[in-house]
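# Close look at the chain arrangement
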Amino acid sequence: MSAFAVAKPNAVSLQHWLFEFLLTGGSTPLLAGLLFCLRETLGLDSAELAVGFLMFHAAHVINDPHFSVTYLLFYRNVRDRLGNKAPKWQRFRYVFAGYVVPTVLCAWAASALLTGSAKSLGWMIQGMFFLVGWHYVKQGFGVLSVLSLRRGVHFTLFERRAVLSHCILGWLYARARNFDPGRESEEKGVVYTSFAHPTWLYGLTLAGFALSTCWLLLVLGRKWKREQRLPWAPLTGFLITVWVWVVFSNVDPLLIYVIPALHSLQYLYFVYLLRSNQAREEHGAPLFRSSPKERLFRLALLALGLGWLLFHGLPGLLDAALVTKNDAQLPLGATPYFAALFTIVNLHHYFMDSVIWRRDNPETRYLTL
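## Here's the deal with the nonpolar core
For soluble globular proteins, nonpolar side chains are generally found buried alongside one another. Among the nonpolar cores identified, the biggest contains 46 residues, and L121, V190, F270 and W357 are the most heavily contacted of them. Counting only elements with at least two residues in this core, the list comes to α4 (63–74), α6 (88–115), α7 (118–150), β2 (190–193), α11 (255–283), α12 (292–322) and α13 (336–356). The element contributing the most residues to this core is α13, with ten residues. By size, the runner-up hydrophobic cluster in this structure holds 34 residues, among which are V51, L230, L235 and V246.

## Concerning the pairing of strand β1 (residues 184–187)
Across the two faces of β1 the burial differs, with S185 and E187 buried and E184 and E186 not buried at all. Of the strand pairs in this sheet, β1 and β2 are connected by four bridges, and their pairing is antiparallel. Across the sheet, residue E184 finds its bridge partner in β2, namely T193. Hairpin remark: β1 followed by β2, antiparallel, with two residues in the connecting loop; positive phi at K188, about 55°.

## Focus on the packing of aromatic side chains
In this structure the tally under the stated criterion is 22 aromatic pairs. Their ring planes at 5° and their centres at 5.3 Å tell us that W17 and F21 sit as a pair that is stacked. Of this pair, W17 and F21 both sit in helix α1 (residues 14–26), separated by four residues, roughly a single helical turn. The exposure class assigned to W17 is partly exposed, which follows from its relative accessible area of 32%. Given the relative accessible area of 18%, F21 is considered buried. Ring geometry for W243 versus F248: centroids 5.8 Å apart, planes at 40°, classification tilted.

## Thoughts on the packing of α7 against helix α10 (residues 232–247)
In helix packing, the relevant descriptors are the interaxial angle and the interaxial distance, both defined with respect to the helix axes. Axis separation between α7 and α10 bottoms out at 8 Å; the angle between their running directions is 170°. Relative to α10, the element α7 lies roughly antiparallel. The residues of α10 that touch α7, namely those facing G133, Y136, V137, G140, F141, V143, L144, L147 and S148, are P234, L235, F238, T241, V242, W245 and V246. For the contact of α7 with α10, a count of residues per class yields twelve nonpolar, four polar and no charged.

About the thresholds
Residues numbered from 1 in each chain as written. Predicted model: local features only at pLDDT ≥ 70, side-chain atom pairs only at ≥ 80, totals over all residues. Heavy atoms only, no water. Core = buried A, V, L, I, M, F, W, Y, C linked by side-chain atoms within 4.5 Å. Buried < 20%, exposed > 50% of the residue type's maximum accessible area, 1.4 Å probe, protein only. Helix = DSSP H or I, 4+ residues; strand = E, 2+ residues; numbered from the N terminus. Pairing = 2+ DSSP bridges. Phe/Tyr/Trp six-rings, centres within 6.5 Å; stacked < 30°, edge-to-face > 60°. Axes fitted to C-alpha atoms, helices over the stretch in contact; angles between N-to-C directions. Parallel < 35°, antiparallel > 145°, perpendicular 65-115°, else oblique. Contact = heavy atoms within 4.5 Å. Nonpolar A, V, L, I, M, F, W, Y, C, P; charged D, E, K, R; others polar.

Okay, here's the thing in structure tokens:
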């Protein structure tokens, strides 16, 4: 997600402020405390089994819909977005993310599956893992930008660059901090060899992340001195996203299971803001469309159904029909179609997301209402 140019400050109740704070990252320290108590009570192995089991099933109603709802947002009225009235660069972004990217990804996955190449599919999987950190920190940037604007706090271009630099350098440091000489890995049954990290990459990214931290602190300090206010709740959500969910996500062996769900809740909250504000405006004259509650309920049902189809129904059907017992012993494993679809949806989600939540997208103006 990204920021928007103008907004009017919104007065919020304490109850709404707390709800928003918890959904956009503020619940992370509370959950970390609860998970610590669980680990101390049950022991690491039992606690890890319980949390992993819970989050595996929670993905059906949290993680999976967060992916599928992106399709419902992106392809809604897509013809209008590609019409001549839309700006040229906006049309290009929609065509690229909506048609070129999925075509390339599907062709790549199909080639890997037809040739039985775990190496080729492994490259796609590694691309997914590499870009997920970028996706997380960009969403954290959106949390800070949008919620700050809703409170009447505007970040200048110089300040935005400091925040974005911290996001990008934090993501790169997170990727380099765990040394990888190139080891055999497995994901969704696919066995592949990971890309090696050069030894100098850790020191370079650490220096960049440290410098970006100093720059961010300096910028925030100057902003406080000049304006005597900072958007504390959005800033907390942003820092938790970058520092806890991305940079040091593996510090707690239990919290790492929960982070994808926290990220998904953060995302779904902004979908709720976008579509509820849009539905309220369209409920009145001259459109007189159905009530916001009805439209949001319908969107939730569609996201749940599409999420099940993308991550369970369709890949399960393909694996059951096309994978034999002999195939299951090969490096692609027993569920290659699940691995391929899972990777395609994740990567496509990153690209669609970067188009939907741009500050120059006129449809996302409802976030600042």
